[in-house]
Amino acid sequence: MVLVRVMESVSEAGLVSNANIVEDLTLLENTIISPNIDLLTDRDDTTCLNVSIQTINITFNITYVFTWIRLTVKDPASLPGFTVEFSTSASLTPKIECLNQKYFLVDNATLDIQCDLTEAIQTVIITGTGQTSLCSLYINGGRNVALKQNTSQTSDHMEPGKGTFDASRAVDGNTNSIFFGGLSCTHTNTTDYNPKWNVVFQLSEISRYVIYNRDECPAGSWELNCRTCKQSCPNNCHWDDGSCNEVCFGAMDPPGCKKGLL
């Protein structure tokens, strides 16, 4: 396991700086903003729209729990000119209104809009006259409440010269999936046949769990550092010691196991 994120859905609007938004949904790899306007997510509040746009749609590849959106504008007078709606699909239908809408003025050019929604959404729809002055968009994706919290697992794998791959490495915030590259994966003993991993965090309203697994070795390799199998069984050796298979299932020519049974 490389990393575990436990995302808290409720974070107070108006109290978080841009730098402290743990996950901004507008920056996710598969998020689509239509029309495609890079300056809205370039994290530069001085680059702003100078054309009239009727509607901006932000569509995610899956549904998320929405809490609040942050809008930064060039002209503070345009802040009241925004309407935010939602859809549970990428087709924009049906539309859902922003329930119990609350406004938080972060500074004279930045507004947070908080909504209470009863279901997860896939699309955020922004309309209104304020878009002609829009500079930046941020959509709160929650806070990782598992980060650097107390963890445990049933056993710890140790590697000479590399250290112990204990449970805490899964909540260190590092998503490097190369086992010996980032040294940020947790791993139990190879003899632990009932492995378990646990994390304890403060009571929170959780929207989703995100688990990053480590990259496995390619075919023809064995052990955690991906050693190459022997020439006598280049694509079929035991994971733990690299030895060639002595038994074939459905074949009669170990270790190659290519010749079918008569």
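Residues numbered from 1 in each chain as written. Predicted model: local features only at pLDDT ≥ 70, side-chain atom pairs only at ≥ 80, totals over all residues. Heavy atoms only, no water.

Per an unreviewed UniProt entry, the protein chain goes by Fucolectin tachylectin-4 pentraxin-1 domain-containing protein and derives from Biomphalaria glabrata.

1. Looking at the sheet that holds strand 7 (residues 102-107)
One open sheet holds the four strands; their spatial order is 7-8-4-10, and the pairing between them is antiparallel. Of all the strands in the sheet, the pair left with one neighbour each is strand 7 and strand 10 (134-139). Each strand of the sheet is rotated relative to its neighbour by a mean of 20°, with strand direction disregarded. The pairing of strand 7 with strand 8 (residues 110-114) spans five bridges and is classified as antiparallel. Bridge pairing in strand 8 links Lys102 to Gln114. (Pairing = 2+ DSSP bridges. Helix = DSSP H or I, 4+ residues; strand = E, 2+ residues; numbered from the N terminus. Axes fitted to C-alpha atoms, helices over the stretch in contact; angles between N-to-C directions.)

2. Some words on the side chain of Thr26
As for its placement among the helices and strands, Thr26 is situated in the loop between strand 1 (3-8) and strand 2 (32-34). Owing to a relative accessible area of 6%, Thr26 belongs among the buried residues under this scheme. Of note is the side chain of Thr26, whose polar atom sits 3.0 Å from the side chain of Asp24. At 3.0 Å, the side chain of Thr26 forms a polar contact with the side chain of Arg43. With residues near it in sequence (within four places) discarded, Thr26 still touches Thr31, Thr41, Arg43, Leu137, Tyr138 and Ile139. (Buried < 20%, exposed > 50% of the residue type's maximum accessible area, 1.4 Å probe, protein only. Polar contact = N/O pair within 3.5 Å; in protein donor to acceptor, adjacent residues only side chain to side chain. Contact = heavy atoms within 4.5 Å.)

3. Let's talk about the side chain of Ser184
Turning to its location among the elements, Ser184 is positioned in the loop between helix 1 (179-182) and strand 15 (197-200). A polar atom in the side chain of Ser184 sits 2.7 Å from the side chain of Asp172. A distance of 3.3 Å separates a polar atom in the side chain of Ser184 from the backbone oxygen of Asn174.

4. Some points on the pattern of salt bridges
In total, this model carries two salt bridges according to the counting rule given. Taking the shortest distance from any N to any O, the salt bridge between Arg43 and Asp24 comes out at 2.1 Å. A residue pair is termed long-range when its members are at least 10 positions apart, and Arg43 in the loop between strand 2 and strand 3 (55-64) and Asp24 in the loop between strand 1 and strand 2 qualify at 19 residues. Its relative accessible area of 9% is what places Asp24 among the buried residues. In this structure, Arg70 engages Asp112 in a salt bridge whose closest nitrogen and oxygen atoms are separated by 2.6 Å. Separated by 42 residues along the polypeptide, Arg70 in strand 4 (residues 68-73) and Asp112 in strand 8 bring together distant segments of the chain. (Salt bridge = Lys/Arg side-chain N within 4 Å of Asp/Glu carboxyl O.)

5. A closer look at the sheet that holds strand 3
Backbone hydrogen bonds hold the strands of a sheet together, and the pairing may be parallel or antiparallel. Taken in spatial order, the five strands of this open sheet run 2-3-9-5-6, and their pairing is antiparallel. Strand pairing shows two members of the sheet lacking a second neighbour, strand 2 and strand 6 (95-97), which therefore form its edges. Taking the axes of each pair of neighbouring strands and ignoring which way they run, one obtains an average angle of 25° across the sheet. Bridge count for strand 2 against strand 3 is three bridges, and the pairing is antiparallel.

6. Description of the nonpolar core
Grouped together as the largest cluster of nonpolar side chains are 30 residues, with contacts concentrated most on Ile56, Ile69, Phe86 and Val124. Within the residue set of this core, elements represented by two or more residues are strand 3, strand 4, strand 5 (83-87), strand 8, strand 9 (121-127) and strand 10. Per element, the largest residue contribution to this core is four residues, and it comes from strand 3. Among all residues touching Phe86, those that are not within four sequence positions of it are Phe66, Pro94, Lys95, Ile96, Glu97, Cys98, Cys115, Leu117, Ile121, Thr123, Val124 and Ile125. Listed in part, the five residues of the second largest apolar core include Trp222, Cys233, Cys237 and Cys244. (Core = buried A, V, L, I, M, F, W, Y, C linked by side-chain atoms within 4.5 Å.)

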